[in-house]
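Structural characterization, general
What follows is each chain in one-letter form.
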Amino acid sequence: MSPNLDSPVQIQMAVSVFKSPLRGEYSGNKGMEGKQPTGRRRVFVQTETGCVLGMDLDRCDNAHTVKRRLQLAFNFPTEESSLTFGDMVLKNDLSAVRNDSPLLLTRNFLHRSSSTPCLSPTGKDIQQRDQSGPIEILGHSSQFARTKQLVKDIVKAIKNGVDPIPVHSGLGGAYYFRNSRGESVAIVKPTDEEPFAPNNPKGFVGKALGQPGLKRTVRVGETGFREVAAYLLDYDHFANVPPTALVKITHSVFNVNDGVNGNKPHQKKQVSKIASFQQFIPHDFDASDHGTSSFPVAAVHRIGILDIRILNTDRHAGNLLVRKLDDGAGRFSQVELIPIDHGLCLPESLEDPYFEWIHWPQASIPFSEDELEYIKNLDPIRDSEMLRMELPMIRDACLRVLVLCSIFLKEAASYGLCLAEIGEMMSREFRAGEEEPSELELVCLEARRLIAEREVLSPKTDGGEDEFQFDIDCEEDEFYFTPKLGADNFMNRGPLHFGIGDANGRFQLSKLEESIEEEEEESEGEGEGEGEQRVVAGIPTPPAGVLTISKLSMSLKDNSLGEKFLVAKPERSYLANTSSGHRSANEQLPTSMSFVKLSDMNDEEWVLFLEKFQELLDPAFAKRKSVTVGQRQRQRLGTSCQF
C-alpha cells in the first residue's frame, strides 16, 4: 500500500470534503463554518430550459428574491419551483452560495420537458437587467490567466465585427470564437445545447437540465463543469489539457429552440448562456487519422493517468488531437497529443469507462520513475477540496468517484501494474455477447458486502436518516444476497472469483435475472415477524442475517450459489437511427445500465468502505498480475508455433 493512504487518519480525511448534505436543504452551520460569504456576491441563475441571468446578491437576499428577479426578467412563473446549487436545494438561505456560482431553477410538479421554450430576453432587456460584459468567467482560479487573455481578444474581435462560427460536427452545440485576425482561439459549448438539452441545435432534444443525459450518470447541462474539472486536475499541465473555464457568455450566434420540436426561431437575438470555454489548439489531425505507433509513450501514459483519475467514460480517438512538432531541421518526426472533450468524466457512480489507449502498445510499457513520482504525490483529498472550492456546484458523488479512482491508481501503480492492466481492471468486458462487471466493480461490491456483514454481526441502534439515492436511477425495489466471502479467503479465489459467476470468475448480467414478483414473494415469506430493516452502507439490512440491497428495476441472481449482486438489466437496445429530424431522448438513449453507487453511504460508512476497499486491492492486483503473466506466456507460445 502507498504510505500516504493506508493510515486511518488519512482515510478519515476522505470524508472532510463531503460535509454538505447530499440532498435536502442546506444547513448553514454544516460544513461551511468560517466560510460564509460576506457582502455582495454575483451569481448566474439558469432555468432548466437554458435561460441565464446574472445577478448581484446582497447579504439579505434569499431564494425568493432570486425567483422574483427571474420572474421579472423572463416573464414566466416561478411557483412550484426549486432553486438548486449542486446537491443542495436552497429553500431560503443563500449563505452557502459563493461568488460566481451557477444556480439552477427547476420545476417541481410539472412534467419536465423541452416543451417550454427558452424565453431569453433581447439584447436591450439584458442591458436593462444585467450590466455585465459579453463574457464573464465563473471563478477566480490562478489557472484562468490564459483564459482571461483569450476573453479580452475575443471581446475586441466581436466589437470589430468578427463573429463566432458554429461547429457542425458532434452531437451538441459548439462554436469557434475568433480573435481580430479571424483565427479560431476558443471553442465554446453552451450547457443548454448539450445532447438532449432543450436548445440542442442538431435535433437531439427531449430533456430538461438536470435530467439524465447521454450517459445516465452525467446529467444534462453538467458536462461543462466537468471539462473545467479535468483542466484544474491536470497539475503542471501534465496531460496537456487545454486551458478551460466556465463562463457566462452573450451572443446572437447561439441556438434557442422554440417549443417541443426544437424549431429554430427565424430572427436571431442576443442570448446569454452558461458554457464551457476552452482554448482552441491548432492541430494536424486526431488520433483516428494517424497511426498510434508514433505516439510518445510519455504522452499516452500521462493522458491515461488523467483518464483513470477522473474515470473518463469517453476517451476515444476523436478527442485526442495530434500536432506535428518540428525538430528544428524542417522535419516533423515527433507528435504532440492534446486531450479534449472531458464532459463525460467524473460520473455520479462507477460508470463503465472507455479508454481508447487500453490496447495501444505504449500502455503496456511500465511507468517511468517520473510518472510514478507524479502518481505518488497525487492527493485525492486535496483534489476534492480544490474542486469544491473552484467548482462549488460539483456533486459529492463525483468527488467520491475521484477519490476512489485516485486511490485505485496510486495503489495499482505502487504494486507495479502498467497503464493497460489498470485500465483493464476498471473496464467491463463482453463475452459471448454478455456484459460482465469490471474487477474494480467487484472489489467495490465486496467491500460493501463486508461492511454490511460487519454491521449485521455488530448491530447498532441507529434511527438514521434516509440515505440519498441517485435520483435518476430506475424504480427501487429489493433483492437479496447471502454473504459468503470473507476478506481472508479473498486472495484464494481464482483470478476474478468473488464467490459468483462462471468459471472465469465473472457473471453474465442477463443470466442472473429474476423477476420482481419472485423477489417480492421471497421478501414477504422471509420477512414475517423479523422486525424492521436497517440501512447499512446504503443497503437495507434485515436482522435475520439476509442482506437486502436497494435494487433498480430488476434483480439478479446466481442460481448455483444463491447470491445476488447489484447489477442491471437492459431495458431497450440503442437505436442507432441517424436520420434527420428531431428525435426524443428516449429514442436515442443507450441501454439503461446500473453501476456501483458511492453516494448512498454516510460519512462513517464511506470511511469503512475505503478501508475495506484498500484491504482488498492487494489480492486483486496479485490475481491480475498472474492473469497477465499467463496471457503473455500463451502469446509467446502461440507465436512460436505459427509458420
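All values derive from a computational prediction rather than experimental measurement.

About the criteria used
Residues numbered from 1 in each chain as written. Predicted model: local features only at pLDDT ≥ 70, side-chain atom pairs only at ≥ 80, totals over all residues. Heavy atoms only, no water. Helix = DSSP H or I, 4+ residues; strand = E, 2+ residues; numbered from the N terminus. Contact = heavy atoms within 4.5 Å. Areas by Shrake-Rupley, 256 points an atom, 1.4 Å probe, with all protein chains shown as cover. Disulfide = S-S within 2.5 Å. Buried < 20%, exposed > 50% of the residue type's maximum accessible area, 1.4 Å probe, protein only. Axes fitted to C-alpha atoms, helices over the stretch in contact; angles between N-to-C directions. Parallel < 35°, antiparallel > 145°, perpendicular 65-115°, else oblique. Nonpolar A, V, L, I, M, F, W, Y, C, P; charged D, E, K, R; others polar. Pairing = 2+ DSSP bridges. Core = buried A, V, L, I, M, F, W, Y, C linked by side-chain atoms within 4.5 Å. pLDDT = per-residue confidence, 0-100. Salt bridge = Lys/Arg side-chain N within 4 Å of Asp/Glu carboxyl O.

With respect to the overall build of the chain
- Looking only at helices and strands, one finds 14 helices and 22 strands in the chain.
- Within the chain, counting contacts between residues at least 6 apart in sequence, those at least 24 apart form 72% of the total.
- About 27300 Å² of surface is accessible on the chain, with carbon and sulfur atoms providing 50% of the total.

Examining the side chain of Ser-406
- You can see Ser-406 is positioned in helix α9 (residues 396–415).
- With near-sequence residues (within four places) excluded, Ser-406 lies in contact with Arg-309 and Pro-380.

Focus on the state of the cysteines
- Evaluation of the coordinates by the stated rule reveals 0 disulfides.
- Note on Cys-405: no disulfide assigned, nearest cysteine sulfur contributed by Cys-444 at a separation of 8.1 Å.
- Note on Cys-405: relative accessible area 0%, which makes it buried.

A word on the packing of helix α6 (residues 297–309) against α9
- Here α6 crosses α9 at 135 degrees, and the two axes come no closer than 7 Å. When the axis of α6 is compared with that of α9, the two are oblique. Note on element contacts: α9 touches α6 through Val-401, Leu-402, Cys-405, Ser-406 and Leu-409, opposite Ile-305, Ile-308 and Arg-309.
- Along the lines of polarity and charge, the residues of the contact of α6 with α9 split into 6 nonpolar, 1 polar and 1 charged.

Structural notes on the pairing of strand β8 (residues 175–178)
- Of the two faces of β8, the one holding Tyr-175 and Phe-177 is buried and the one holding Tyr-176 and Arg-178 is not buried anywhere.
- Where β8 lies against strand β9 (residues 184–190), 4 bridges are found, and the strand directions are antiparallel. Counted as the bridge partner of Tyr-175 is Val-188 from β9.
- Between the end of β8 and the start of β9, which pair antiparallel, lie 5 residues, with Gly-182 showing a positive phi angle near 85 degrees.

Quick word on the sheet that holds strand β12 (residues 285–286)
- Here we have 3 strands laid out as an open sheet, ordered β12-β13-β14, and antiparallel in their pairing. Unpaired on one side and paired on the other, β12 and β14 (334–339) mark the two borders of the sheet.
- Sheet topology note: the strand β13 (residues 320–325)/β14 ladder contains 6 bridges and is antiparallel. Looking across to β14, one finds that Leu-325 is bridged to Gln-334.

A closer look at the nonpolar core
- Residues Leu-387, Phe-609 and Phe-613 are the most contacted members of the largest nonpolar core, which totals 130 residues.
- If you tally residues by element for this core, the top one is α9, at 12 residues.
- The residues touching Leu-387, leaving out its near neighbours within four places in the chain, are Ala-229, Leu-232, Leu-233, Leu-346, Pro-392, Ile-394, Leu-399 and Leu-402.
- In this structure, Phe-196, Phe-204, Leu-209 and Val-220 belong to the second largest nonpolar core, which totals 6 residues.

Points about the confidence of the model for the chain
- In this model, the chain carries a mean pLDDT of 74, and residues with pLDDT of at least 70 account for 64%.
- For residues 109–128, every residue scores under 50 in pLDDT, and the model assigns this stretch 46 contacts once sequence neighbours within four places are set aside.
- Taken together, the stretch residues 461–488 has pLDDT below 50 and engages in 95 contacts with residues farther than four places along the chain or on a different chain.

A closer look at the environment of Leu-214
- Position of Leu-214 among the secondary structure elements: in the loop between β9 and α5 (223–233).
- Separated by 10 residues in sequence, Leu-214 and Phe-204 place their C-alpha atoms 10.0 Å apart.

Some thoughts on the pattern of salt bridges
- Inspection of the entire model under this criterion finds 29 salt bridges.
- Notably, a salt bridge pairs Arg-309 with Asp-383, separated by 3.2 Å at the nearest N-O pair. Of the two residues, Arg-309 is situated in helix α6 and Asp-383 in helix α8 (residues 380–390); the sequence distance between them amounts to 74 residues. Like Asp-383, Arg-309 is buried.
- Lys-625 is the salt-bridge partner of Glu-421, the closest N and O atoms lying 3.7 Å from each other. Highlighted residues: Glu-421 in helix α10 (residues 419–426) and Lys-625 in helix α14 (residues 603–640), separated in sequence by 204 residues.
- On the basis of relative accessibility, which here comes to 27%, the residue Lys-625 falls in the partly exposed class.

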